[in-house]
Amino acid sequence: MEDLKDVIAKNLVELRTKARLTQLELAEKINYTDKAVSKWERGEALPDLRVLIKLADIYNITIDEIVREPSEGRHVIPRMNIRTKQILISVLSAGLAWFVATVLFMIFYFIPATDAYAYLSFVCAPFACSIPLVVFSAKWGNWITHIFACSLLVWSLAIIFHIFVITFSSFNKIFVIYIVAGVFELLVIFWFLLRKFYKRRDPVK
């Protein structure tokens with residue numbers, strides 16, 4: 001009988017390959033580094049119980065199928081529908097923001113006192129979209145989606161501030177807001193890249 005490390009390593013390689021995942025994609029799903037995944041697949045280390053539970057859930061199998069020698073003709077049907085549901089929820093949340101903006105536009109457009117400013121509901125829609133996207137990205141996403149969601153939040157807020165100022169006041173130096181937004185954008189990118197860098201260097205993961 002093969003050593004337990006070798007059996008698990010062989011199973012992990014087979015399962016990941018059949019699920020059509022790279023080591024990096026799998027690592028992001030279980031919140032570990034691709035280096036850790038590589039060590040497990042080479043038999044240099046054993047994943048702990050929490051990781052085994054996550055892997056079994058991803059591959060839609062039991063833990064027993066990971067730690068025992070594989071049977072002939074084993075089929076792997078990963079729970080890819082979970083990711084699809086997460087994307088669908090995020091898209092629907094963003095769509096809901098635009099739906100509300102459209103309803104508000106129609107209401108304000110047919111009111112004589114506010115018809116000239118009805119378009120502002122669409123100006124605010126991207127910011128409304130960005131809020132659930134930031135929340136869902138923090139819960140389900142990776143560093144790329146974090147940057148995208150936070151960037152949308154920053155720039156949509158800057159645009160809202162710009163348009164509202166030029167609409168309701170005569171202030172003519174509003175370009176400063178884009179300098180501030182640019183600085184925040186750089187900080188957002190730097191923060192998530194720094195987190196990714198230290199996560200890769202974490203010897204525990």
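Just above sits the structure.
This structure is a prediction, so every number in the text was calculated from the model and none was measured.

S.K.: I'd like a description of the overall build of the protein chain, backed by residues and values.
M.R.: Assigned secondary structure in the protein chain consists of nine helices and zero strands. The helix and strand sequence of the protein chain, counted from the amino end, reads α-α-α-α-α-α-α-α-α. The buried share among the 205 residues of the protein chain stands at 31%. A fraction of 60% describes how many contacts in the protein chain between residues 6 or more apart in sequence connect residues 24 or more apart. Total accessible area computed for the protein chain in this model is approximately 13,200 Å², and 69% of it derives from carbon and sulfur atoms.

S.K.: Could you give an account of the packing of helix H1 (residues 4-18) against helix H3 (residues 34-42), naming the residues involved and the relevant values?
M.R.: As a packed pair, H1 and H3 sit with axes 6 Å apart at the nearest point and diverge in direction by 120°. With respect to their mutual orientation, H1 and H3 come out oblique. Where H1 approaches H3, its residues Ala-9, Leu-12, Val-13 and Arg-16 are matched on the opposing element by Trp-40, Glu-41 and Arg-42. Taken together, the residues that form the contact of H1 with H3 break down as four nonpolar, no polar and three charged.

S.K.: Please set out unusual backbone geometry residue by residue, giving values where relevant.
M.R.: Of note, Asn-31 is a non-glycine position whose phi angle comes to about 65°, a positive value. With respect to the secondary-structure elements, Asn-31 resides in the loop between helix H2 (23-30) and H3. Look at Asn-31 and you get partly exposed, because its relative accessible area is 38%. Here Asn-60, not a glycine, exhibits a phi torsion of approximately 60°, which is positive. Examined against the element boundaries, Asn-60 turns out to sit in the loop between helix H4 (49-59) and helix H5 (64-67).

Cut-offs and rules
Residues numbered from 1 in each chain as written. Predicted model: local features only at pLDDT ≥ 70, side-chain atom pairs only at ≥ 80, totals over all residues. Heavy atoms only, no water. Helix = DSSP H or I, 4+ residues; strand = E, 2+ residues; numbered from the N terminus. Buried < 20%, exposed > 50% of the residue type's maximum accessible area, 1.4 Å probe, protein only. Contact = heavy atoms within 4.5 Å. Areas by Shrake-Rupley, 256 points an atom, 1.4 Å probe, with all protein chains shown as cover. Axes fitted to C-alpha atoms, helices over the stretch in contact; angles between N-to-C directions. Parallel < 35°, antiparallel > 145°, perpendicular 65-115°, else oblique. Nonpolar A, V, L, I, M, F, W, Y, C, P; charged D, E, K, R; others polar.

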